[in-house]
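# A structural walkthrough
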Amino acid sequence: MRNLSRSYLNRIIIVFMTFLLIIPFMAFGCQEKDKTEMPVNSPGDERIKSDNILRLDTGFDGSLAFEHVKRQVDFGPRYSGSQAIKQTREYMKSQLESFGLKVEVDAFTAITPNPKFPKVEMANLIAEIPGEKPEVIVIGSHYDTKWFPDIHFVGANDGGSSTGVLLELARVLSKNRPKYTLWLTFFDGEEAMNGVWMGTDNTYGSRHMVDRLRKEGKIGSVKAMILLDMVGDKELGIVRDANSVNWMVNTIWANATKLGYKKHFLDLGMYIEDDHIPFLKAGVPAVDLIDFSFGSTASNCGPGGSGNCYWHTDQDTLDKISAESLKVVGDTVLASLPDIADQIR
Ligand SMILES: [Zn+2]
């Protein structure tokens, strides 16, 4: 993905405006903190008690999600068309089937601008959890890692983390019948195949899925889409993506707050281009949960620059992510799903 869909200046303005909005929130936040220190029976204490219950109730196991990330990283660089991505696909499919889920492998050929890979065989994986309603909520993650000619890029965070969370979500969600049918979707080809993210050299899998649903007349049955990307950072800070629809962002931030995870869900706005964009263009409400400050205090920064030093570098390794961060995101998605379902029209 990238966050330069608008001009750099625009982004600066958005970040600046968000900070202006945060100032009153910060003051409010301090008052909230004071409240929790009041004697028993204060509203703050009630909130803490319900937080603990929510924490225990989701069933999401961060260590299982972390194990899924490790297994992917062990396959090595998993760029589209590689032997390692095929192994990853087999691993994901067998895991999903072990949860009793029906898995569709939707293979397609992508034409790329990289002369080394003019045609790439790609495949999306879709695991269905039947709901009370036939209409669908898509929960997605890309599972490819970016191809580099010169570095060994294993994408523990970028590609690995969200895929690990989605596999663990599959295990938890498969135990109950949700209100809406869920399509847990693993996208191939999110990353640019020819270096820089430009034109149609990215989001191959999500564009393929939306095109196909349109052709089959089914896009109208997809009522919402939740995308996860780069959600494993030990210092997790999810940004408010300004391309995502507001009501979904607000619903997720409210649930994160209830769970006691507010510090990981920032009041910082950015415009993010990612696999949710084809869905938004097709009129599907969508949200991207992404941490775009990966390695914010590191030196030796890559193309993400200071504040996002490990992004798209050989520093995106297992030691930079944590089971706790994966659980924060998994819990928050699980807690938010019923509220999102209730707001679907
Ligand atoms: Zn990437």
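Residues numbered from 1 in each chain as written. Predicted model: local features only at pLDDT ≥ 70, side-chain atom pairs only at ≥ 80, totals over all residues.

### Details of helix 9 (residues 323–343)
- Counted at 1.5 Å a residue, the expected span for helix 9 with its 21 residues is 30 Å, and the 30 Å between its end C-alpha atoms agrees.
- When the local axis directions of helix 9 are compared, the greatest deviation, roughly 35 degrees, occurs at L337, which is followed within four positions by the proline P338. (Helix = DSSP H or I, 4+ residues; strand = E, 2+ residues; numbered from the N terminus. Expected span 1.5 Å × (residues − 1). Bend = angle between axes of the 7 residues up to and from the residue.)

### Quick word on the nonpolar core
- Counting residues in each nonpolar core, the largest one holds 82 residues, and the members touching the most others are I139, L166, A170, M225 and L289.
- Not counting residues up to four positions away in its chain, the partners in contact with L289 are L227, L228, V231, I238, I252 and V329. (Core = buried A, V, L, I, M, F, W, Y, C linked by C-beta atoms within 7 Å. Buried ≥ 20, exposed ≤ 12 C-beta atoms within 10 Å, placed from the backbone. Contact = placed C-beta atoms within 7 Å.)

### Comments concerning the packing of helix 7 (residues 246–258) against helix 9
- It is at 9 Å that the axes of helix 7 and helix 9 come closest, and there the two elements cross at 135 degrees. In terms of their interaxial angle, helix 7 and helix 9 are classed as oblique. In terms of crossing hand, the pair formed by helix 7 and helix 9 is right-handed. Facing helix 7, whose interface residues are W247, M248, T251, I252, N255, A256 and K258, helix 9 presents T332, A335, S336, D339, I340 and Q343.
- Residues that form the contact of helix 7 with helix 9 fall into these classes: 6 nonpolar, 5 polar and 2 charged. (Axes fitted to C-alpha atoms, helices over the stretch in contact; angles between N-to-C directions. Parallel < 35°, antiparallel > 145°, perpendicular 65-115°, else oblique. Left-handed = near helix turned anticlockwise from the far one by under 90°. Nonpolar A, V, L, I, M, F, W, Y, C, P; charged D, E, K, R; others polar.)

### Describing the sheet that holds strand 2 (residues 119–129)
- Here we have 6 strands laid out as an open sheet, ordered 1-2-4-3-5-8, and mixed in their pairing. Lying at the two open borders of the sheet, with one neighbouring strand each, are strand 1 (102–111) and strand 8 (286–290). In this sheet, adjacent strand axes meet at a mean angle of 20 degrees when their direction is disregarded.
- Bridge count between strand 3 (residues 133–142) and strand 4 (residues 180–187): 8 bridges; the pairing is parallel. In the strand pairing of strand 4, I137 is matched with L182. (Pairing = 2+ DSSP bridges.)

### A short note on the packing of helix 5 (residues 156–173) against helix 9
- It is at 10 Å that the axes of helix 5 and helix 9 come closest, and there the two elements cross at 45 degrees. The pairing of helix 5 with helix 9 is recorded here as oblique in orientation. Here the hand of the crossing between helix 5 and helix 9 comes out right-handed. Of the residues in helix 9, those in contact with S161, G164, V165, E168, L169 and V172 of helix 5 are L326, V329, G330, V333 and L334.

### As for helix 6 (residues 204–215)
- Under the 1.5 Å per step criterion, the end-to-end length of helix 6 is 16 Å for 12 residues, consistent within 8% with the ideal 16 Å.
- Of the residues making up helix 6, those classed as buried are Y204, G205, S206, R207, H208, M209, V210 and L213.
- Buried-residue contacts for helix 6 involve strand 1, strand 2, strand 3, strand 4, strand 5 (222–229) and helix 8 (277–281).
- The first or second residue beyond helix 6 is G217, which carries a positive phi of 70 degrees.

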